[in-house]
Amino acid sequence: MKEREWLFEYRGYQPDHEGLRETLCALGNGYICTRAAAPDVKADAIHYPGCYLAGGYNRLCTEVEGREIESEDLVNLPNWTMLMIRIDNGPWLAPEQVDFTDYRQALDLRRGVLTRTLRFRDDQERIISIEERRFVSMAEQHLAGLEWTIVAQDWSGRLAVRTGLDGAISNSGVARYRSLNGHHLEPLGAGTLDDETLWLRSRMVQSRTEIAQAARTCFFYNDDAVRPERETEVGSDRVSQDIVLDVAAGDTVRVEKVAALYNSRDRGISEPSLAVQEEISGAGDFNTLLAAHELAWKHLWELFDLEVDSEAGGDLPLKLRLHIFHLLQTVTCHSTDLDVGVPPRGWHGEAYRAHIMWDELFIFPLLVARSPAWCRALLMYRYRRLPAARKLARKAGYRGAMFPWQSGSSGREESQVLHLNPNSGRWLPDNSNRQRHIGSAIIYNLWHYYEMTGDQKFMQEYGAELLFEIARFWASIATWNAQRSRYDICRVMGPDEYHTAYPGADPSTEGGLDNNAYTNVMAAWVLNRACQMLGILPQDRLRQLREKLQLGDQETERWHDVSRKLFVPFDADGIISQFEGYDKLQEFDWEAAREQHGDIHRLDRILEAEGDDPNRYKVSKQADVLMLFYLFTARELEHIFEQLGYPFDSHTIPKNVEYYLHRTSHGSTLSWVVHSWVLARTDRQHSWQLFLSALDADVADIQGGTTPEGIHLGAMAGTVDLIQRCYLGFDAHGNVLHFNPALPDELHGLKTSLWYRNQRLDIELTKELLRVSSRQLTAHPITIAYRGLFHTVSPGSRHEFRLLRPQ
């Protein structure tokens, strides 16, 4: 196993890059996530310590432009990593106060451990070295550990160490939110449990979620355990200890800090303060906890690793594993019981306030092929918020369930009413909550889960109700247009967020667009699946659901009718129009914009700052129409368009890809994933370059400052899924696992494993051969296929397909 394919490393201290490193090297376990800020820093223009609880939201109000705006945020919790040193009576040392002669930071993806190796001079020319190891336990979800090994290289004197829990925290990790109220925590008390252990209690001011933390700090002098005297300072929102040791040149002081965290929503506890006290009292030492943590990661990688044989060198496997690593820190076995979704920026920062959006559409395929139970938990997050979605629909005048574009704790709409354009400094109306297509994304994930698992019990108990209520919403929002004898869906937004209203319209009162093609086609597909489910459910369960939902034959007949008569706009050249009227918009001078501004990813902000409006132009932030070619095979789309009564021939996909590719700024990292996918079989070289852009989106912070606010989890999972589903070419439908590989020239082969219908399959692909091996399990045989060649695979058996030469 090549170490360079597992070690994500930085050398040299670069203040301008600290925010990026803090995000990319963050550690989490699906319950908590801690940014990789140095333990001896506070939030400032360079650093941003952050500790976040999955689903740890709180709401606050702020007056903006004369309006009171309520925002639900992911709360930055008290900082458990606090650790700093000073020599004699000198200042407490921080990165900006020393001269580094060596600085190395490395994230070991295989073990889930962050290390920092520091060697520096202070203002008295004394040389100190520090070796840091840090983990957030994947074995024990409430525990984390930090270790410093300090060496006095060329001096003797008094070394002071400060350890603590710092609750003087506010949310300020996203510049454009800083004018909003960010003081989410109120102190409840602090103190000591024993000589080595501190505790701190806080509470979120609105949600009333109580946070209890404890930290035990132990000392070793030249490998011998010591118990030096401690001076404790207790404040209302902070507790710390100062420990002084006499050291001689060459001596080593090792500091072990083990922290525990509970909250009042945890299950199986009496209350968080008692739970955290019991946890920290029974916790093993740093190395014992680390060994259990590393074993848990070993088992995770056995499920999720993806080996690639590539000319791209060591960076490709490393970056893919980095992406998998951050997904596994966001969705884990520890998150399945928490009733949380999967946020587009992980639990790594405060961007989008960690609201749950449609990015799970790009995340589900990777998860469902490895750990379907985790996907089931994410679907239950949506099911539990079905009552809130019904209320949203009723309030808007519709039936069924209208899920919010941004969801948080309760399932109400959390999208901003106003958003700040940092380019112009103006607060603008935000119409993004008109993206009704979120409901279709939920059903796409549900159906993908059903196809991969065959979990009929889940569909009967939960899934069918979700499907029927979202289908009911689409049938309700569709209105009959007698002039064209078609149904319209009006005043919505598609995935392209540049177009929020028609040119000249007042976005605050006349927002939205008519007949967004992606929205309408997805609605037709959902309605088709709902009609199909009517024939799949056992008759007793179908009767029960019909009675519960008051679902009559007349309504289900409307589902069928709408699914076949929804309007899809085309222009005169046969291009699928992004929405009705798109073809009448002005063409945009892309070359001039790039020459003037350079980076035009966020073209909407640039145009607004200039007094212009992207609604006037044929410009897209990200893939919209092309999302259809990302989600469905050509065969599936041909069937959908045939049912709708529209032509769909072999030229439809490449013609539309070419058209929209030149009109998209890729203002979202998801866009590169989608465009790479849709080009994979027609322009492999271009597809590969777009794949590399998506792969580097966070590593290189291509969008210029967005990654420090949180990773882009949809794009991270999407790049791995490009290898997994697009290039490997697997697709589950009709009770068959189909393979149709299309390796780019740069990939010679890959190895991975998948779960399908209770079988664990090991997959090996080369340019000539596809080998599918099933492990020994108790499961029914499955059917696999390659380009029309079918084969039955039983547990413990293996089958090979010799790949056909491309036509």
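Below or above, wherever it landed, is the structure these notes cover. (Residues numbered from 1 in each chain as written. Predicted model: local features only at pLDDT ≥ 70, side-chain atom pairs only at ≥ 80, totals over all residues. Heavy atoms only, no water.)

Summing up its helical and strand segments, the chain has 20 helices and 31 strands in all. Over its C-alpha atoms the chain spans a radius of gyration of 27 Å, differing by no more than 12% from the 28 Å that the globule rule assigns to 807 residues. Here the chain holds 807 residues, and the buried ones make up 63% of them. Considering only contacts within the chain whose residues lie at least 6 apart along the sequence, 69% involve residues at least 24 apart. Put simply, the chain shows about 30200 Å² of open surface, and 45% of that area lies on carbon and sulfur atoms. (Helix = DSSP H or I, 4+ residues; strand = E, 2+ residues; numbered from the N terminus. Rg over C-alpha atoms; globule rule 2.2 N^0.38 Å. Buried < 20%, exposed > 50% of the residue type's maximum accessible area, 1.4 Å probe, protein only. Contact = heavy atoms within 4.5 Å. Areas by Shrake-Rupley, 256 points an atom, 1.4 Å probe, with all protein chains shown as cover.)

We now examine the nonpolar core. Counting residues in each nonpolar core, the largest one holds 231 residues, and the members touching the most others are Phe468, Met627 and Phe629. Contact partners of Phe468, with chain neighbours within four places excluded, come to Ala530, Met533, Leu534, Leu537, Leu542, Leu545, Leu549, Leu551 and Trp559. Of all hydrophobic cores here, the second largest spans 15 residues; its members include Phe135, Leu143, Ala260 and Ala275. (Core = buried A, V, L, I, M, F, W, Y, C linked by side-chain atoms within 4.5 Å.)

In spatial order, the strands read 19-26-27-28-31; together these five strands make up an open sheet with antiparallel pairing. Each edge of the open sheet is held by one strand with a lone partner, namely strand 19 (307-310) and strand 31 (798-802). Across the sheet, the axes of successive neighbouring strands diverge by a mean angle of 15°, strand direction being ignored. Summarising the sheet, strand 28 (residues 769-774) and strand 31 pair through five bridges and their orientation is antiparallel. By the bridge assignment for strand 31, Val772 is matched with His799. (Pairing = 2+ DSSP bridges. Axes fitted to C-alpha atoms, helices over the stretch in contact; angles between N-to-C directions.)

Within the secondary structure, Asn735 sits in the loop between strand 24 (730-733) and strand 25 (736-739). Given the relative accessible area of 52%, Asn735 is considered exposed. As a C-alpha pair, Asn735 and Ile782 span 47 residues in sequence and 8.0 Å in three-dimensional space. Look past the residues within four positions of Asn735 in its chain and what remains in contact with it is Glu451, Tyr756, Arg757 and Thr783.

Before going further, it helps to spend a moment on the side chain of His601. Tracing the backbone through its elements, the reader meets His601 in the loop between helix 13 (590-597) and helix 14 (603-609). Accessibility expressed as a relative area gives 16% for His601, which makes it buried.

Burial analysis of helix 5 (residues 360-368) places nine of its nine residues in the buried class, the great majority of the element. Within helix 5, the full set of buried residues consists of Glu360, Leu361, Phe362, Ile363, Phe364, Pro365, Leu366, Leu367 and Val368.

Tracing the backbone shows Asp251 in the loop between strand 17 (238-247) and strand 18 (252-263). Buried charge without a salt bridge: Asp251, with Arg158 as the nearest opposite-charge side chain at an N-O distance of 13 Å. If we ignore the near neighbours within four places in the chain, the residues touching Asp251 are Ile150, Val151, Ala152, Tyr221 and Asn222. (Lys, Arg positive; Asp, Glu negative; His and termini not counted. Salt bridge = Lys/Arg side-chain N within 4 Å of Asp/Glu carboxyl O.)

Those residues of helix 16 (residues 634-644) that sit buried are Glu636, Leu637, Ile640, Phe641, Gln643 and Leu644. End-on, the buried residues of helix 16 take up no more than an arc of 155°, which puts them together on one face. Looking at the buried positions of helix 16, the neighbouring elements they touch are strand 23 (486-488), helix 10 (517-536), helix 12 (553-565) and helix 15 (627-631). One or two positions beyond helix 16, positive phi appears at Gly645, with a value near 80°. (Arc of directions from axis to C-beta.)

Before going further, it helps to examine the sheet that holds strand 24. Each strand in a sheet pairs with its neighbour through backbone hydrogen bonds, running either in the same direction (parallel) or in the opposite one (antiparallel). Overall, mixed pairing links the four strands, which are arranged 24-25-29-30 in an open sheet. Sheet topology places strand 24 and strand 30 (789-793) at the edges, where each strand pairs with a single neighbour. Averaged over all adjacent pairs, the angle separating strand axes in this sheet is 25°, with direction ignored. Two elements, strand 29 (residues 782-786) and strand 30, share five bridges in a ladder whose sense is antiparallel. Note on strand 30: the bridge partner recorded for Thr783 is Thr792.

With that out of the way, let us pick up the packing of helix 4 (residues 315-328) against helix 19 (residues 684-696). Where helix 4 meets helix 19, the closest approach of the two axes is 10 Å, and the angle between their N-to-C directions is 55°. Considering the angle they form, helix 4 stands oblique to helix 19. For the element pair helix 4 and helix 19, the recorded crossing hand is left-handed. Contact residues: helix 4 offers Leu316, Lys319, Leu320 and His323, while helix 19 offers Trp688, Phe691, Ala694, Leu695 and Asp696. Among the residues forming the contact of helix 4 with helix 19, the class breakdown is six nonpolar, one polar and two charged. (Parallel < 35°, antiparallel > 145°, perpendicular 65-115°, else oblique. Left-handed = near helix turned anticlockwise from the far one by under 90°. Nonpolar A, V, L, I, M, F, W, Y, C, P; charged D, E, K, R; others polar.)

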